[in-house]
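# Structural overview
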Amino acid sequence: MATTSLWHIKGKLRDLIDYVENPDKTNLDDSLQDFVNVFSYDINPNKTNNKEFVTAINCLKEIALQQMIMTKQQFNKSDKYIAWHGYQSFKPDEVTPELCHEIGVKLARQMWGDRFQVIVSTHLDKDHLHNHFCFNSVSFLDGKKYNYSKTEMQRLRNVSDELCKEYGLSVIETDNKSKSPSRVLYFAEKNNEPTKYNLMRTAIDEAIKISPAPKEFVRIMKKKGYIVDINPQRKYATIRSANDRRNTRLKTLGEKYDWYNIVEQINTQDGFTLFPAYKEFKRESKIKYIKPKKYVFKGSFATVRKITGLKALYLYYCYRLGYLPKKNQHKPLSPEMKEAWRKIDRYSNQVILISKYNLVDTDKVKQFISNNKEQIVLITNKRNQTYNNLRRCKDTDKISELKFKRDCYTKQLTKLRKEIKTADAILNDVEGIKQNIKAEMNIQHQRFAPIKQKRRDLQWVK
């Protein structure tokens, strides 16, 4: 098993030349000193068994630094990156020094040996043997600079893994995840909060229990608001919300949720028989109608003021989420709305702020933020003045009075900053709320459209 890494070194070529000509009289800047340190570190006799495990590619190791400088001068490439430095580290007690150095040299030849001057050194001073690579940033062949990218980084890992396999060494297995989640999403997933992926897993688990066959599984998932694509022409089965444009591979949710494992779970359920499972599916898929309650309104609707603007939007959104009124939802929510439940406290604070200051639209919200910022500047100046008075004051009673005044200013600032933060969240969330409401309405339309059509057909028959 071997790990690899690579990074660049910056510096000025003129300073490097001065150092080579007279190292005792040359003061290098920090960036260039890194390169000299790397170069001297890589060929350190104490670490490389008296330079036994040092190999130069496309140059002589005794004058490698001078030759790299000459290449830069030849092509007039003396700016930005001076060189590149990397390493290849092996598992303790997995390789001998000779084998470690042999693999390192092969890796350097395959990666950079056709165009760059490279020094490969194997260090024996640690429990884990490791190779260091130091190579010129300018090619001696065509004068082009080395371009390091994600593709090149992956190629370095792949070449290293292939050499490890060739010599019978272990290789780090990766699950090929596309992108690491954010810190907030990571902890939300860990706490089993209703995130996008956790909702997908829950829906899949529920659908597996009541699916008599894979086709029925796909159909049940569609009723839950998800589209599962098992096109045989594609390499991986995918899942996405009905209102989402991006697909997610099922295997990204975990090995248990890979399509082949899902099919196996459906076919090997405990006590599995076709008829009970089908009966359960039919019972679950039946839409339940709740008889509406009747209320008596005392007064006149003509005198009731209609709620409009942002307050109406937020109240309707909270109603769709099932937060207002706080009762069990009789209609299943779309995946987008379920995920929005994680932010219900945030939405609640936003509704309170909108109601308190009558923020009917986004212009009012922006004006509110601007006014609060002006107040923060004024209060901050007053608090700073209070701090200055505290430093000069020697009267005990006066000091306690000034401290109380200072604390009051601090509380006011805290309140204003929280309100600004909530108002900024309103501006950021409004569009998302509108999109989620549209998505919910689309799901509801898809869910009830067949029933409405059936009713129309029955009326036509009558």
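Quick summary incoming for the structure in this document. (Residues numbered from 1 in each chain as written. Predicted model: local features only at pLDDT ≥ 70, side-chain atom pairs only at ≥ 80, totals over all residues. Heavy atoms only, no water.)

### Some details on the overall build of the protein chain
We apply this condition: Helix numbering and strand numbering both begin at the N terminus, where a helix is a DSSP run of H or I of at least 4 residues and a strand a DSSP run of E of at least 2. Exposure categories follow from relative accessible area, calculated using a 1.4 Å probe and restricted to protein chains: below 20% of the type maximum is buried, above 50% is exposed, and the middle band is partly exposed. When checking whether two residues touch, look at their non-hydrogen atoms; a contact exists if any pair is within 4.5 Å. Per-residue and other accessible areas follow the Shrake-Rupley method at a 1.4 Å probe size, with only the shown protein chains counted as cover for residues.
When helices and strands are tallied, the protein chain shows 15 helices and 8 strands. A buried classification covers 37% of the 462 residues belonging to the protein chain. Taking the contacts inside the protein chain whose residues are at least 6 apart along the sequence as the reference set, 69% of them involve residues at least 24 apart. About 30000 Å² of surface is accessible on the protein chain, with carbon and sulfur atoms providing 51% of the total.

### Re unusual backbone geometry
As a rule of thumb, non-glycine residues mostly have phi less than zero, and peptide bonds are mostly trans rather than cis. Residues other than glycine seldom take positive phi values, yet asparagine 58 does so here, at roughly 70 degrees. With respect to the secondary-structure elements, asparagine 58 resides in the loop between strand E2 (54-57) and helix H3 (64-75). Residue aspartate 93 is not a glycine yet carries a positive backbone phi of 65 degrees. Tracing the sequence through the fold places aspartate 93 in the loop between strand E3 (81-90) and helix H4 (97-112).

### Things to note about the environment of proline 92
As for its position among the elements, proline 92 is in the loop between E3 and H4. In this structure the C-alpha to C-alpha distance between proline 92 and histidine 128, which are 36 residues apart in sequence, comes to 4.3 Å. Excluding residues that lie within four positions of it along the chain, proline 92 makes contacts with Asp127 and His128.

### Structural notes on the environment of serine 5
With respect to the helices and strands, serine 5 occurs in strand E1 (residues 2-10). Look at serine 5 and you get partly exposed, because its relative accessible area is 25%. Put simply, serine 5 and serine 89 are 84 residues apart on the chain and 9.1 Å apart in space, counted from C-alpha to C-alpha. Setting aside residues up to four positions removed in sequence, serine 5 forms contacts with Gly86, Tyr87 and Leu156.

### Quick word on the packing of aromatic side chains
Each aromatic ring pair is described using two quantities: the centre-to-centre distance and the angle formed by the ring planes. For the record, the criterion: A pair of aromatic rings is counted whenever rings of Phe, Tyr or Trp (Trp by its six-membered ring) have centres within 6.5 Å, and the orientation is called stacked for planes under 30 degrees apart, edge-to-face for over 60 and tilted otherwise.
Using the criterion set out here, one finds 11 aromatic pairs in the structure. Centre to centre, the rings of phenylalanine 217 and tryptophan 259 are 5.9 Å apart; their planes meet at 50 degrees, and the pair counts as tilted. Separated by 42 residues along the polypeptide, phenylalanine 217 in helix H8 (residues 214-223) and tryptophan 259 in helix H9 (residues 259-267) bring together distant segments of the chain. Among the aromatic residues, ring-to-ring pairing joins Trp84, Trp112, Phe116, Phe133, Phe135, Tyr146 and Tyr148 into one connected group.

### Concerning the pattern of salt bridges
The cut-off we apply is this: Take a side-chain nitrogen of Lys or Arg and a carboxyl oxygen of Asp or Glu: if they are within 4 Å of each other, that pair is a salt bridge.
On inspection of all chains with the given rule, the structure shows 9 salt bridges. Its salt-bridge partner being glutamate 216, residue arginine 219 comes within 3.4 Å of it at the nearest N-O pair. A residue pair is termed a helical-turn pair when its members lie 3 or 4 positions apart in one helix, as arginine 219 and glutamate 216 do in helix H8 at 3 residues. Residue arginine 219 is classed as partly exposed on the basis of its relative accessible area, which comes to 44%.

### Observations concerning the sheet that holds strand E8 (residues 248-249)
What counts here: Two strands pair if DSSP finds at least two bridges between them. Axis angles are defined between N-to-C directions and span 0 to 180 degrees, where every axis is a line fitted to C-alpha atoms and, for a helix, only to the segment in contact.
An order of E6-E7-E8 is seen for the 3 strands of this open sheet, with the pairing classed as antiparallel. Pairing within the sheet leaves two strands with one partner each, and these edge strands are strand E6 (226-229) and E8. The pairing of strand E7 (residues 238-241) with E8 spans 2 bridges and is classified as antiparallel. When the sheet's bridge partners are listed, threonine 238 is paired in E8 with arginine 249. Contacts from H8 reach E6 and E7, with the element oriented near 150 degrees to E6.

In short, geometric facts, not functional conclusions.
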